[in-house]
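# Notes for the structure review
Listed below, chain by chain, are the residues.
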Amino acid sequence: MVFAHDLSPADVTQLGRAGVSGFFTEGGGKTSHAALVARALGLPLVAGVQGFIKHIRTGMTVIVDGGRGEVILEPDTEIQGRFADRAARDLVQTERLARAREAPAISLDGERVHLAANVELLEEIPISVELGADGIGLFRTEFLYLERSTLPTEEEQYQHALSALRAMNGRDVCFRSLDLGGDKLPTSVRIPAGNNPALGLRSIRYSLWRRDVFKLQLRAFYRAAAVGPLRLMFPLISGVAELRTVRELCSSVCAELQRDGLEHNPEVPLGVMIETPSAAVIADLLVEECDFLSIGTNDLIQYALAADRQDEHVGYLYHPLHPAILRLIKQVTAAAKRAGKPVSMCGDMAGDPRFCWVLLGLGLRALSMAPRQIPRVKSIVRGTRIAFAEKLTEEILGLRTEDEVEEAVNRVMKERFPIEFTEETS
Ligand code: PEP
Ligand code: MG
C-alpha cells in the first residue's frame, strides 16, 4: 500500500507494476489521471482525503475501499468483518452480472446500446473482451509515452496499435491521439507548464506545437488502420479552425505514406472529443466537419464548472449532474442527431450505473467506460424502457441544483435497480 500527498500517473504505473496493493493520496480527485491508471491496473486508489498521512505508522492495518472512497486506519475486528462481508457480497454480485456478458445491451423497448471499454494499457484488453465490451471507445495512447526517457518510435506505435486491433479481434478500436500535458508529463520531452497547466499547452495544443511528434503517431495509426477497424479522435478541441488544422495534418500524413509506398488506410473515421464548453456549444458546427463526436465529461465538467478535476479543495463543485452539464450533453447529442452522425460518451460519467438512464434519456446510445463497469451498466440498460428514461430526464432537466437532480436520480435508481445501485461512485 502506498500513501502519498500526490502521485503522478507514471508513479502509479510503476508502483502498480511493482506489486503494491493500493494507493491513498491526500491530493487529487477521482477522475485524475493517476486514479484512472490505478483503476486500469485493477488497484484501489482513494484520493483527496486530508489529514490521514501523519497518523500512519509502519505495520498498521489499513482498509482502502476504492469503490466507496473510504480509508480506515486500525479497523477493529468488527469493522474488518464488515468489510470482508461487503467484499464477498460485491464479488457475488460482480460474478452474477458478469454471467450476463453474452446478453446484448438492449433496452426493454428494443434499443441497442453500444457499450465499449476505456483502455490505458494493452493488458486491459483481455478483461474488456471477457466482460463483453463491444469495442474500445477510448484508447488513451499517451500512456505509451509516460514511463520512459525517450519518445516511442513510429514502428513501436504501429506495433502497439496492431496489438490492440488483434486483441480486439475485429471489434472497433477508437484511439485518442496523444493527450500529454496537464498532469501527464513525460520525461522524454519538456512541456511548458504555464501558470495554469489545465488551461495551457496540453492535449491537442501540445500535439499541434510538436507536430513532429504528432505526425509520427498519425503515421502509425493510418498504417495500422490498413489491418483492422480503427477510428481516431482528438482531445480538447476548442473550435473548428483547430479541427481543420488537425485534418490538414492527417491529409498530409496520408500523402507522405503514399509517397513512401507504405500500406495505409486513408479512410479512418475522425472524431472530435467534446471536452471544452466551446466545443459543446458549437457541436453542430464541429460535427459537420468530422465523422463522430465523443463526450469527455471528465474534462468537460472541470472546464464548464471551472473546477480543477485534480484539486480536492474544489472537488465539491465537480458534479456530473449539474444542470449545466446535463444541458450541454443534451445540446451535443441533439446536434449529432440532427447531422445523422454518431455520438458517444467516454468520460467517467458513462460508466457510473447511477447515471445510465439519465444518459439514455439525454439521447446517448453509445457509452465507453472502465471495463469493470460494463456488466453493471449493461444490466441497467436491459432493465430500462427508453421512453421511461426520456420522461424522467425531461423532469430532471426542470430541476435547478445538482443536489435536487442527484436526489431524484438516486430515488429512481434505488427503487428500480436495487442490485446495481450502490452509494459508490465508479
Ligand atoms: C475526459 O476528459 O472525459 C476523457 C475521457 O479524457 P481524460 O479522462 O483522459 O482526460
Ligand atoms: Mg480529457
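Residues numbered from 1 in each chain as written. Chains lettered and ligands numbered in written order. Predicted model: local features only at pLDDT ≥ 70, side-chain atom pairs only at ≥ 80, totals over all residues. Heavy atoms only, no water.

### Some words on the site of ligand 1
In the vicinity of ligand 1 lie 16 residues, with Arg140, Arg176, Glu275, Asn298 and Arg309 positioned nearest. One of the side-chain N or O atoms of Glu275 is found 2.7 Å from an oxygen atom in ligand 1. Protein coverage of the free-state accessible area of ligand 1, which is 290 Å², stands at 100%. With respect to the pocket detection grid, ligand 1 is positioned in the largest cavity. Going through the elements one at a time, helix H2 (33-40), strand S7 (135-140) and helix H12 (297-304) are the ones with two or more residues in the shell around ligand 1. The element that contributes the greatest number of residues to the shell around ligand 1 is H12, accounting for three residues. Class assignment of the residues belonging to the shell around ligand 1 gives a composition of four nonpolar, five polar and seven charged. (Near = heavy atom within 4 Å. Polar contact = N/O pair within 3.5 Å; in protein donor to acceptor, adjacent residues only side chain to side chain. Areas by Shrake-Rupley, 256 points an atom, 1.4 Å probe, with all protein chains shown as cover. 1 Å grid on protein atoms, 1.4 Å probe; cavity = no way out; pocket = protein on both sides within 12 Å on 5 of 7 lines; lining within 4 Å. Sits in = over half its atoms within 2 Å of the grid points. Helix = DSSP H or I, 4+ residues; strand = E, 2+ residues; numbered from the N terminus. Nonpolar A, V, L, I, M, F, W, Y, C, P; charged D, E, K, R; others polar.)

### A word on the pattern of salt bridges
Within this structure, the stated rule accounts for 28 salt bridges. With a closest N to O distance of 2.5 Å, Glu120 and Arg140 form a salt bridge. You can see Glu120 sitting in the loop between strand S6 (114-119) and helix H4 (125-130) and its partner Arg140 sitting in strand S7, a full 20 residues away along the chain. Put simply, Arg219 and Glu256 hold a salt bridge, and the shortest N to O gap is 3.3 Å. With Arg219 in helix H8 (residues 211-224) and Glu256 in helix H9 (residues 240-260), this pair connects stretches of sequence that are 37 residues apart. (Salt bridge = Lys/Arg side-chain N within 4 Å of Asp/Glu carboxyl O.)

### Considerations on the packing of aromatic side chains
Inspection of every chain in the model, using the stated rule, returns six aromatic pairs. Here the aromatic rings of Phe3 and Phe24 are separated by 5.8 Å at their centres, their planes lie at 80 degrees, and the arrangement is edge-to-face. Of this pair, Phe3 sits in strand S1 (residues 2-4) while Phe24 sits in strand S2 (residues 23-25), and the two are 21 residues apart along the sequence. Their ring planes at 50 degrees and their centres at 6.3 Å tell us that Trp357 and Phe388 sit as a pair that is tilted. Pair noted here: Trp357 is in helix H14 (residues 356-361) and Phe388 is in helix H16 (residues 386-396), with a separation of 31 residues, a long-range link. Since its relative accessible area comes to 0%, Trp357 is described here as buried. Note on Phe388: relative accessible area 24%, which makes it partly exposed. Grouped by ring-pair contacts, the aromatic residues Phe139, Phe175 and Phe221 constitute a single cluster. The cationic tip of Arg223 hangs over the ring face of Tyr158; the distance from NZ or CZ to the ring centre is 4.0 Å. A cation sits over an aromatic face here: Arg416 above Phe388, 4.0 Å from the ring centre. (Phe/Tyr/Trp six-rings, centres within 6.5 Å; stacked < 30°, edge-to-face > 60°. Buried < 20%, exposed > 50% of the residue type's maximum accessible area, 1.4 Å probe, protein only. Lys NZ or Arg CZ within 6 Å of the ring centre and 35° of its normal.)

From the geometry alone we can't say anything about function, so treat these as descriptive.
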